[in-house]
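The primary structure of each chain is shown beneath.
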Amino acid sequence: MKDILNAIQSPDSVSADFAALPLPESGRAVVLRREDTEMFSGLASRDKDPRKSLHLEQVPVPELGPGEALVAVMASSVNYNTVWSAIFEPLPTFAFLERYGKLSELTKRHDLPYHVIGSDLAGVVLRTGPGVNAWNPGDEVVAHCLSVELESSDGHNDTMLDPEQRIWGFETNFGGLAEIALVKSNQLMPKPKHLSWEEAAAPGLVNSTAYRQLVSRNGAGMKQGDNVLIWGASGGLGSYATQFALAGGANPVCVVSSPEKAEICRAMGAEAVIDRNAEGYRFW
Ligand SMILES: NC(=O)c1ccc[n+]([C@@H]2O[C@H](COP(=O)([O-])OP(=O)(O)OC[C@H]3O[C@@H](n4cnc5c(N)ncnc54)[C@H](OP(=O)(O)O)[C@@H]3O)[C@@H](O)[C@H]2O)c1
């Protein structure tokens, strides 16, 4: 793993250097364990502590299949789905892995007694599987979290409607909170050169979700002059929604819970900001 890190950090490394690096048999990863799924039974959600269910462990590097890439992860992120996974709500994610594992010989790899979670990454491609032409060892990438099989025409106009659509690192194994992650190569995008690894790893899931929900033709199709009510406007999805609304000529109406969060929204350029605590707003 040290050799991989050295290669990534050396300005002289070229693709062939990465291709020649031996792959380690195992790497560290943040995992949930199947045997822990009942550990919080009877507790209220707020008392379920992800620190008790998340483990940093050495796990085997997964076998690489067609259309896939192994990526050395330089940064990942914690999302809400990371929290849901770690408290086994609304369902233990092992149920997703089991179902995915039934699809094919290849997906069977995902159905394991441990789940490597994490749905964002920035890193460097180490290996690509058969059929991958667009990406090579040494490419600096970010991965988005949409894993699709795209074997059915249902998803061709909107990949979210693929019957085998999953969130990588939540409904699939081998997610981003690991030294080496496995992705489908069509999840990869070039890492923006002006961003640090951490900056590049942070926006993927929340940015694309807010875009899809609010701007996309397959979502709300926001247009100029629309009034957009944004709950949690200083959070992950909310801050992207606020920026999309402003950039698209719409009027964001931002709901937050404190003067500090209201200030974050104003700093992004929002004018209509409601502090739901100060003004006694209640959800619904
Ligand atoms: N379906 C998908 O594809 C998808 C993808 C990503 C995220 N999500 C979901 O979207 C939600 C937001 O995710 P995120 O990453 O943006 O989380 P986040 O950064 O934690 O933001 C959530 C925001 O919710 C607000 N909030 C908390 N309690 C609230 C309440 N009782 N009433 C109104 N607002 C409340 C908080 O803002 P204030 O304290 O300022 O109100 C907080 O900033 C999560 O439920 C997540 O699971 C879904």
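The sections below set out a description of the structure shown in this document. (Residues numbered from 1 in each chain as written. Predicted model: local features only at pLDDT ≥ 70, side-chain atom pairs only at ≥ 80, totals over all residues. Heavy atoms only, no water.)

A look at the pattern of salt bridges
Applying the stated criterion across every chain, the model contains 13 salt bridges. Between E57 and R33 there is a salt bridge, and its shortest N-O distance comes to 2.6 Å. Pair noted here: E57 is in strand β2 (residues 55-60) and R33 is in strand β1 (residues 26-33), with a separation of 24 residues, a long-range link. According to the relative accessible area criterion, E57 is partly exposed, its value standing at 22%. Across the salt bridge formed by R109 and E68, the nearest N and O atoms sit 2.7 Å from each other. You can see R109 sitting in the loop between α5 (94-101) and β4 (114-116) and its partner E68 sitting in strand β3 (residues 68-75), a full 41 residues away along the chain. Taken individually, R109 and E68 each receive the classification buried, so the pair is uniform in this respect. Residues joined by salt bridges that share partners form a network here, namely R34, E98 and D111. (Salt bridge = Lys/Arg side-chain N within 4 Å of Asp/Glu carboxyl O. Helix = DSSP H or I, 4+ residues; strand = E, 2+ residues; numbered from the N terminus. Buried < 20%, exposed > 50% of the residue type's maximum accessible area, 1.4 Å probe, protein only.)

Side note on the packing of helix α7 (residues 204-215) against helix α8 (residues 236-247)
Here α7 crosses α8 at 55°, and the two axes come no closer than 8 Å. Classified by the angle between their axes, α7 and α8 sit oblique to one another. The hand of the α7/α8 crossing is right-handed. Together, V206, N207, T209, A210, Y211, Q213, L214 and V215 of α7 and G236, L237, Y240, A241 and F244 of α8 make up the contact between the two elements. Partitioned by chemical class, the residues of the contact of α7 with α8 number nine nonpolar, four polar and no charged. (Axes fitted to C-alpha atoms, helices over the stretch in contact; angles between N-to-C directions. Parallel < 35°, antiparallel > 145°, perpendicular 65-115°, else oblique. Left-handed = near helix turned anticlockwise from the far one by under 90°. Contact = heavy atoms within 4.5 Å. Nonpolar A, V, L, I, M, F, W, Y, C, P; charged D, E, K, R; others polar.)

Concerning α7
Between the first and last C-alpha of α7 there are 16 Å, a value that for twelve residues agrees with the 16 Å anticipated at 1.5 Å per step. Turning to α7, its buried residues are L205, V206, A210 and L214. In a view along the axis of α7, the buried residues occupy a sector of 125°, so they form one face of it. Along its buried surface, α7 packs onto α4 (80-86), β11 (227-231) and α8. (Expected span 1.5 Å × (residues − 1). Arc of directions from axis to C-beta.)

So, the environment of L126
Mapping L126 onto the fold places it in strand β5 (residues 121-128). According to the relative accessible area criterion, L126 is buried, its value standing at 1%. The spatial distance from the C-alpha of L126 to the C-alpha of A72 is 6.4 Å, given a sequence separation of 54 residues. In this structure L126 touches I4, F18, L23, L70, V71, A72, P137 and I180, once residues within four positions along its chain are discounted.

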